[in-house]
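Examining the three-dimensional arrangement
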Amino acid sequence: MEWRELSVSGAFEITPKQLGDPRGYFMEMFKEDQFREHVGHSLALKQVNCSTSAAGVIRGIHFADVPPSQAKYVMCPKGAVLDVAVDIRVGSPTFGRWDTVLLDDVDRRAIYLSEGLGHAFCALEDDSVVTYLCTAQYAPAREHGVNPLDPTVGVEWPTEDRSGAPLRQLFSEKDTKAPSLLEAERQGLLPRHEDVLAFTGSLV
């Protein structure tokens, strides 16, 4: 497996080595020793989620209170999505920055997003399946969002699907009503960088 840290610190692209023959293929999607080597602690798995999305569906930008937040190890076993990590940590040197990883059923990459980061994705094909390994169970009172179309963040969402056809963006009502990044900061919803570092440091 190859690991590459994104321009948002605490987010990694993971590319597995696929072994194939006429029967199909085999790969290792997660290895504890490599995870610890790159992240600095083990993945404390608490919940596994799975979503299916039509082409053009945008989910996010989602995040949870720190502590304990909810770190995610995300894969796309079927279809394709453009996955987005957003630095929403107030006081971070890269506050407001975002980076992307293409997750699909060809290269079969994964993305890891540490505690305190915002997460979103756009489906590039109908019936795209996304699997999330999460370090905390879902708790509605701790869950928040930033509007995915917030110009301050400025995520460049895809305009074409996997085949090159135009995409029609689809959002949940909850996501379109989410505050902007700066409004979420004013409301005290965003995690502070120093608090995130203190919490992740306690996981070593």
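Residues numbered from 1 in each chain as written. Predicted model: local features only at pLDDT ≥ 70, side-chain atom pairs only at ≥ 80, totals over all residues. Heavy atoms only, no water.

1. Considerations on the packing of aromatic side chains
- With the rule as written, the count across this model stands at 6 aromatic pairs.
- Ring geometry for Trp 3 versus Phe 35: centroids 6.1 Å apart, planes at 70°, classification edge-to-face. Of the two residues, Trp 3 sits in strand S1 (residues 2-5) while Phe 35 sits in helix H1 (residues 32-39), which places them 32 residues apart along the sequence.
- Ring geometry for Phe 30 and Phe 35: centres 5.6 Å apart, planes at 50°, overall tilted.
- These aromatic residues form a ring-pair network of at least three members: Trp 3, Phe 12, Phe 30, Phe 35, Tyr 73 and Tyr 112. (Phe/Tyr/Trp six-rings, centres within 6.5 Å; stacked < 30°, edge-to-face > 60°. Helix = DSSP H or I, 4+ residues; strand = E, 2+ residues; numbered from the N terminus.)

2. Overview of the sheet that holds strand S2 (residues 11-15)
- Ordered by their spatial adjacency, 6 strands build an open sheet running S1-S2-S10-S7-S12-S5, and the pairing between neighbours is antiparallel. On the outer flanks of this sheet lie S1 and strand S5 (47-53), each paired with one strand and no other. Neighbour to neighbour, the strand axes of the sheet diverge by 20° on average, direction disregarded.
- Bridge analysis of S1 against S2 gives 4 bridges, and the strand direction is antiparallel. Considered in S2, the bridge of Trp 3 is made with Ile 14. (Pairing = 2+ DSSP bridges. Axes fitted to C-alpha atoms, helices over the stretch in contact; angles between N-to-C directions.)

3. Thoughts on the nonpolar core
- Residues Val 146, Val 153, Trp 157 and Leu 190 are the most contacted members of the largest nonpolar core, which totals 20 residues.
- Elements represented by at least two residues in this core include exactly strand S6 (58-64), strand S8 (80-87), strand S11 (117-123) and helix H3 (181-186).
- Setting aside chain neighbours within four positions, we find Leu 190 in contact with Phe 63, Ile 88, Val 90, Phe 95, Val 146, Leu 181, Ala 184 and Glu 185.
- Core analysis: the next-biggest nonpolar cluster, separate from the first, contains 17 residues, Leu 6, Val 101, Leu 113 and Leu 117 among them. (Core = buried A, V, L, I, M, F, W, Y, C linked by side-chain atoms within 4.5 Å. Buried < 20%, exposed > 50% of the residue type's maximum accessible area, 1.4 Å probe, protein only. Contact = heavy atoms within 4.5 Å.)

4. What about the sheet that holds strand S13 (residues 143-145)?
- Pairing is antiparallel in the open sheet, where 5 strands are placed in the order S9-S8-S11-S6-S13. Strands with a single pairing partner mark the edges of an open sheet, and in this sheet they are strand S9 (98-104) and S13. Strand-to-strand twist of the sheet, defined as the mean angle between neighbouring strand axes without regard to direction, takes the value 25°.

5. A few points about the side chain of His 193
- By the secondary structure assignment, His 193 is in helix H4 (residues 193-201).
- For His 193, a relative accessible area of 16% corresponds to the buried category.
- If we ignore the near neighbours within four places in the chain, the residues touching His 193 are Arg 89, Val 90, Gly 91, Ser 92 and Pro 93.

6. Description of the pattern of salt bridges
- On inspection of all chains with the given rule, the structure shows 11 salt bridges.
- Residues Asp 21 and Arg 23 are paired through a salt bridge, measuring 2.6 Å at the closest nitrogen-oxygen approach.
- Between Glu 173 and Lys 177 there is a salt bridge, with its nearest N and O atoms 2.6 Å apart. With respect to burial, Glu 173 and Lys 177 carry one shared label: exposed.
- Put simply, Arg 4, Glu 13, Asp 107 and Arg 109 are held in one network by salt bridges that share partners. (Salt bridge = Lys/Arg side-chain N within 4 Å of Asp/Glu carboxyl O.)

7. Brief notes about the environment of Pro 16
- Note on placement: Pro 16 falls in the loop between S2 and strand S3 (19-21).
- Sequence separation between Pro 16 and Glu 115 is 99 residues; the distance between their C-alpha atoms is 23 Å.
- With residues near it in sequence (within four places) discarded, Pro 16 still touches Met 1, Met 27, Glu 28, Met 29, Asp 107, Arg 108 and Arg 109.

8. Observations regarding the environment of Glu 115
- Counting through the fold element by element, Glu 115 comes out in the loop between strand S10 (110-113) and S11.
- For Glu 115, a relative accessible area of 2% gives the class buried.
- Expressed as a C-alpha distance, the spacing of Glu 115 and Pro 67, which sit 48 residues apart in the sequence, is 8.4 Å.
- The residues touching Glu 115, leaving out its near neighbours within four places in the chain, are Pro 68, Ser 69, Ala 71, Thr 135, Val 196, Phe 199, Thr 200 and Leu 203.

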